[in-house]
Amino acid sequence: MEEKMRLQKYMSQLGLCSRRRAEELIQEGKVKVNGEIITQMGYIVNGDEKIEIEGIENKVSNEVVTFLFNKPLGVVSSVKDDRGRKTIIDFFKNENYRLYPVGRLDYNTSGAILVSNDGELTNLVTHPSTHLNKTYMVTIDGKVKLEHLEALRNGILLEDGMTQKAEVELFREKIDQTMIKITIHEGRNRQVRRMFEHFSYHVRNLNRDSVGFLTLGSLKRGEYRKLSDLEVRMIKNICKANQKNNIIPDYKKK
Ligand code: URA
């Protein structure tokens, strides 16, 4: 969807330069929008224009890249936010790529999410037929009933259908909270929260530990790392193989 905004803001969102530097460049007559030099401060763009800056017009790189990001809480999984909230792409201001998040994590969910400009990888990772595993650590208030964990393993009926088999492990019990590790290979909206809410548990915290074999490792909240070519190839190959063989991982029952 297009969003009207000032040219200097758009330039900084593209990662071309800071907003202040953009203002200087506009004043100096060094910025072209769709081939026309624009010197008017506050010029409005739709977000689909070609921007050229004298001297650095090729700064946005066409290299195909993917990053693993550790999303903090209170960050929107999008490129821009109408309500001015911090987005995942705000963390990539120093990268000269047109990046977007691959799929989404809720505003109040933290953890692993891929950020990329690779259309093929995005389609594969987000397509339901590729069944890529995602592992979450869920913290609920109070204790959990083992029969509920067993039901979550086997599949439960949510309003958008049965959930597929999942790997579910009681991770840690404290006096007032319980941590459960769950691996699913679907990506329905708010799926993990809804699975626990189905049994009236209150989800206190939700963190995604891994996407496929990609774990956060030493990445702190707000940090990211570039995936190697091998990691990208492996993720794509796993997705393609699952798709081709219609494989849904068959989890061992505990
Ligand atoms: N399931 C959820 O409920 N929320 C997320 O962000 C991801 C999975």
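Quick caveat: nothing in here was measured; it's all calculated off a predicted structure.

Rules of the game
Residues numbered from 1 in each chain as written. Predicted model: local features only at pLDDT ≥ 70, side-chain atom pairs only at ≥ 80, totals over all residues. Heavy atoms only, no water. Pairing = 2+ DSSP bridges. Helix = DSSP H or I, 4+ residues; strand = E, 2+ residues; numbered from the N terminus. Patch = residues over 30% accessible without salt bridge, like charges linked within 9 Å, V, L, I, M, F, W, Y side chains within 5 Å. Areas by Shrake-Rupley, 256 points an atom, 1.4 Å probe, with all protein chains shown as cover. Salt bridge = Lys/Arg side-chain N within 4 Å of Asp/Glu carboxyl O. Buried < 20%, exposed > 50% of the residue type's maximum accessible area, 1.4 Å probe, protein only.

It is worth spelling out the pairing of strand 14 (residues 203-211) at this point. Where a strand is regular, its side chains alternate between the two sheet faces. Two strands pair when backbone bridges link them, and strand 8 (residues 110-116) and strand 14 are joined in this way by 2 bridges, in the parallel orientation. By the bridge assignment for strand 14, G111 is matched with R208. Note that strand 9 (residues 134-141) and strand 14 share 7 bridges and pair antiparallel. Residue T135 lies in a different strand from strand 14, and its bridge partner there is S210. Pairing of strand 14 with strand 15 (residues 214-215), which is carried by 2 bridges, proceeds in the antiparallel orientation. Bridge pairing in strand 15 links S210 to T215. Joining the antiparallel neighbours strand 14 and strand 15 is a turn of 2 residues, in which G212 adopts a positive phi near 60°.

On to a nonpolar patch on the surface, then. A cluster of nonpolar residues, F213, L230, M234 and I238, forms a patch on the protein surface that exposes about 320 Å² of accessible area. With respect to the secondary-structure elements, I238 resides in helix 6 (residues 229-245). For I238, a relative accessible area of 33% gives the class partly exposed.

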